[in-house]
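In case you want the letters, here they are:
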Amino acid sequence: MAMVISSVHATLFARASLFRQSNGLKSLTFCLPFSSSAASVSTDKLSRKKWRQPVLSALDLGGVKISREDIVRDDPTNNVPDNIFSKLGMQLHRRDQHPLGILKNVIYEYFDTNYPNKFNKFDDLCPIVSVKENFDDVLVPEDHVSRSYNDTYYIDPKTVLRCHTSAHQAELLRSGYTHFLVTGDVYRRDSIDSTHYPVFHQMEGFRVFVPDEWEASGMDATSFSAADLKKCLEGLARHLFGAVEMRWVDTYFPFTNPSFELEIYFKEKWLEVLGCGVTEQEILKRNGKSNNVAWAFGLGLERLAMVLFDIPDIRLFWSSDERFTSQFSKGQLGVKFKPFSKYPPCYKDISFWINESFTENNLCELVRGIAGDLVEEVQLIDNFTNKKGMTSHCYRIAYRSMERSLTDDEINNLQLLNIFFPVNAVASKRTGAEQIGDVSPSPTETE
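To start, this report covers the structure provided alongside it. (Residues numbered from 1 in each chain as written. Predicted model: local features only at pLDDT ≥ 70, side-chain atom pairs only at ≥ 80, totals over all residues. Heavy atoms only, no water.)

### Concerning the packing of helix 4 (residues 99-114) against helix 10 (residues 301-309)
Put simply, the test is: Axes here mean lines fitted to C-alpha atoms, for a helix over just the part in contact, with angles spanning 0 to 180 degrees between N-to-C directions. Strands are runs of DSSP state E lasting at least two residues, helices are runs of H or I lasting at least four, and both sets are numbered from the N terminus onward. What sets the label is the angle itself: under 35 degrees gives roughly parallel, over 145 gives roughly antiparallel, 65 to 115 gives roughly perpendicular, and the rest give oblique. It only takes one pair of heavy atoms within 4.5 Å for two residues to be counted as in contact. The residue classification treats Ala, Val, Leu, Ile, Met, Phe, Trp, Tyr, Cys and Pro as nonpolar and Asp, Glu, Lys and Arg as charged. All others, Gly included, are polar.
Running from N to C, helix 4 and helix 10 point in directions that differ by 100°, and their axes come no closer than 10 Å. What the angle tells us is that helix 4 and helix 10 run roughly perpendicular. Contacts between helix 4 and helix 10 involve P99, L100, I102, L103 and I107 from the first element and L301, E302, L304, A305, L308 and F309 from the second. Residues that form the contact of helix 4 with helix 10 fall into these classes: 10 nonpolar, no polar and one charged.

Dropping the structure here:
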């Protein structure tokens, strides 16, 4: 099976909870209800000094001032946390000396050389879009999992932070654009590990053909478009990776038919580079291009950059440490990253009862919202179901700073004071699970 290194075109694609903290010497067990009926935590318990990520009060997106209150709201239909709001407007892909900006510009060079004056480029479109633009316009089914609050950041029931750059496809087609590249930051609630982050960057490519183009070839419209698409993307893969072996894999996306994934054999592994396909005719019909045919592709900049620059952890892309930023220069693709951090991880375990409404994404959002980029990984290490049918999960949280050593006491305080008490209230808003009400050890508690 191919190792995935890109985000494809648009892969849209509890009862009372007991958290256990282990430091190797002793264990602390305490109640953390994922509950809509959770009791509030007294203010005196929260008066102790807590660690918090700094949060901007406002930002500028395309010349428009956006306040925190516009995005992060105390409303049950809003699930955007402060740590996500803080990433809006950073636009790493527009920084010419950043690995993502370098990669974007190298892809631009390929299209400028092979398709001179053909493709319009957009890299500053606002990431705040409607549900219609994000899902309906690209034919994502009403019951698709990606529409859930578990996967997508909702500002309100009709507005989201875009999950993919395809959210701008219909608007650009209606505006008369027929050849375009759209690059931008996209947002998805996700797991925590070295290759996943709730904010990443995508590039979408789109090309529309007129009847004269495929009729002159003697091919039908779909075959002509698919052949042109594969030729284009094989050339792009060679431009980025050199002379590598490639293969095409048939797949499914709701917005293209046929649909493909391009894989390359790189460093003795098959790696997925991107997803693509011939655009569904319904999308063209809705946007005034019933007599045309088109192709589209999408790729994840982080996944490709991690391979090309040998960057081991996706959190590094957000680092402002000069030991990271100084290693890269404009136009220099493939400079190999030299690790500067040898700091050890600090592990803590938490265990709790769950019910059917629990999801791992919700847990990861809670942990990331409090510990930020100090969290390296959240991994399920044990699960247990008792005779009454109650299920317990135990997760191991790996904390590691890119810039300094973390102390055990520091993480103990972070997890106890900032995950125990504040999350009590946050969990009730974000997860919608039930509370048992009593406090007892989880079955995974063995000390």
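### A look at the side chain of D349
For clarity, the threshold we go by: Polar contacts here mean pairs of N or O atoms no more than 3.5 Å apart (in protein, one a potential hydrogen donor and the other a potential acceptor; neighbouring residues in sequence count only if both atoms are side-chain atoms).
For D349, the position within the fold is in strand 16 (residues 346-354). At 2.7 Å, the side chain of D349 and the side chain of R396 are in polar contact.

### A word on the sheet that holds strand 8 (residues 154-156)
How we decide: A pair of strands is treated as paired once DSSP finds two or more bridges between them.
One open sheet holds the three strands; their spatial order is 7-9-8, and the pairing between them is antiparallel. One side of each edge strand has no neighbouring strand; the edge strands of this open sheet are strand 7 (128-130) and strand 8. Sheet twist, expressed as the average angle between the axes of neighbouring strands with direction ignored, equals 35°. Where strand 7 meets strand 9 (residues 159-161), three bridges bridge the pair, whose relative direction is antiparallel. Residue pairing across strands places V129 opposite V160, the latter belonging to strand 9.

### Quick look at the side chain of S146
Along the polypeptide, S146 turns up in the loop between helix 5 (131-134) and strand 8. In terms of polar contacts, S146 uses its side chain to reach the side chain of H144, at 2.9 Å.

### Regarding the sheet that holds strand 17 (residues 375-385)
As summarised here, the arrangement of the three strands in space is 16-18-17, forming an open sheet in which the pairing is antiparallel. A single partner strand is all that each edge strand has here, and the edge strands are strand 16 and strand 17. With strand direction ignored, the average angle separating the axes of adjacent strands in the sheet is 20°. Pairing between strand 16 and strand 18 (residues 391-399): nine bridges, direction antiparallel. Paired with Y347 across the strands is A398, a residue of strand 18. Sitting on the sheet, helix 12 (residues 360-371) is in contact with strand 16, strand 17 and strand 18, with an inclination near 140° to strand 17.

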